[in-house]
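Working through the structure, step by step
So the chains spell out like this:
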Amino acid sequence: MSASMTTSYTAKLTDGPLEGRTLSADFLASGDPRPTVDILAQGGKTYVYARTAGQEFESEDSDRPSAVNYRYLTTNFDDE
């Protein structure tokens, strides 16, 4: 019997301008963690973080991770 399905997980930002911060992210429809997370910042910036192999699970029978590590990829700037 598997654990109950969770719909979100904690994204841990491991480096870059938001190093050490965490945020809640929703799983994709497939049940996988998002490949990237985009975080809006002041000044028309969006920080983009990419998923790494690091994952944490609540228990051995969990089918989805409770936390996933993300590394800084790039910053996008709003053209307006």
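As the structure is a prediction and not an experimental result, all values here were calculated from the model. Here the residue numbering is sequential within each chain, running from 1 through the sequence in written order. The model is predicted, so local features are restricted to residues of pLDDT at least 70 and side-chain atom pairs to those at 80 or more, both for listing and for counting; the totals for chains, interfaces and linings are taken over all residues. Each side-chain value is derived from all of the structure's non-hydrogen atoms; neither hydrogens nor water enter the calculation.

**Here's the deal with the pairing of strand β5 (residues 67-77)**
- Note that strand β1 (residues 8-13) and β5 share 4 bridges and pair parallel. Counted as the bridge partner of Ala-11 is Val-68 from β5.
- Where strand β4 (residues 45-56) and β5 come together, 9 bridges link them in antiparallel fashion. Across the sheet, residue Tyr-49 finds its bridge partner in β5, namely Tyr-72. Any two strands with at least two DSSP-identified bridges between them are counted as paired. Going along the chain from the N terminus, every DSSP run of H or I of four or more residues is numbered as a helix, and every run of E of two or more is numbered as a strand.

**What about the pattern of salt bridges?**
- A pair is scored as a salt bridge if a Lys or Arg side-chain nitrogen falls within 4 Å of a carboxyl oxygen belonging to Asp or Glu. The full count for this structure, using the stated rule, is 2 salt bridges.
- Its salt-bridge partner being Glu-56, residue Lys-12 comes within 2.5 Å of it at the nearest N-O pair. In this pair, Lys-12 sits in strand β1 while Glu-56 sits in strand β4, placing the two residues 44 residues apart along the sequence.
- In this structure, Arg-71 and Asp-15 form a salt bridge, with 2.9 Å as the shortest nitrogen-oxygen distance. In this pair, Arg-71 is assigned in strand β5 and Asp-15 in the loop between β1 and β2 (22-26), connecting sequence segments 56 residues apart.
- Residue classification places Arg-71 among the partly exposed residues on the basis of a relative accessible area of 47%. Think of it in three bands: residues with accessible area under 20% of the maximum for their type are buried, residues over 50% are exposed, and the middle band is partly exposed, with areas taken using a 1.4 Å probe on protein chains only.

**Describing the sheet that holds β2**
- Judged by pairing direction, the sheet is mixed, and its 5 strands sit side by side in the order β2-β1-β5-β4-β3 without closing on themselves. Each of the sheet's edge strands pairs with one partner strand only, and the pair in question is β2 and β3 (36-41). Strand after strand, the sheet turns through a mean of 40° between neighbouring axes, direction not considered.
- Where β3 and β4 come together, 6 bridges link them in antiparallel fashion. Axis geometry follows a simple rule: fit a line to the C-alpha atoms, using only the stretch in contact for helices, then measure angles between N-to-C directions, giving values from 0 to 180 degrees.

**Considerations on the nonpolar core**
- What is meant by a nonpolar core is a set of buried Ala, Val, Leu, Ile, Met, Phe, Trp, Tyr and Cys residues, joined one to another through side-chain atoms within 4.5 Å. Among the nonpolar cores identified, the biggest contains 12 residues, and these are Tyr-9, Ala-11, Leu-13, Leu-18, Ala-25, Phe-27, Val-37, Ile-39, Tyr-47, Tyr-49, Val-68 and Tyr-70.
- Elements with a minimum of two residues in this core: β1, β3, β4 and β5.
- For this core, the leading source of residues is β1, giving 3 residues.
- Pairs of residues are marked as contacts when any of their non-hydrogen atoms sit within 4.5 Å. Discounting chain neighbours no more than four positions away, the residues touching Ala-11 are Arg-21, Thr-22, Leu-23, Ala-25, Val-68 and Tyr-70.

**A closer look at the packing of aromatic side chains**
- Side-chain rings of Phe, Tyr and Trp, where Trp is taken by its six-membered ring, are said to pair if the distance between their centres is within 6.5 Å; with planes under 30 degrees apart they count as stacked, over 60 as edge-to-face, and otherwise as tilted. This structure, assessed with the given rule, holds 3 aromatic pairs.
- Judged by centre distance (4.7 Å) and plane angle (50°), the ring pair of Tyr-9 and Phe-27 falls under tilted. You can see Tyr-9 sitting in strand β1 and its partner Phe-27 sitting in the loop between β2 and β3, a full 18 residues away along the chain.
- For Tyr-9, a relative accessible area of 3% puts it in the buried group.
- Ring geometry for Tyr-49 versus Tyr-72: centroids 5.6 Å apart, planes at 70°, classification edge-to-face. With a gap of 23 residues between them, Tyr-49 in strand β4 and Tyr-72 in strand β5 connect regions that are remote in the sequence.

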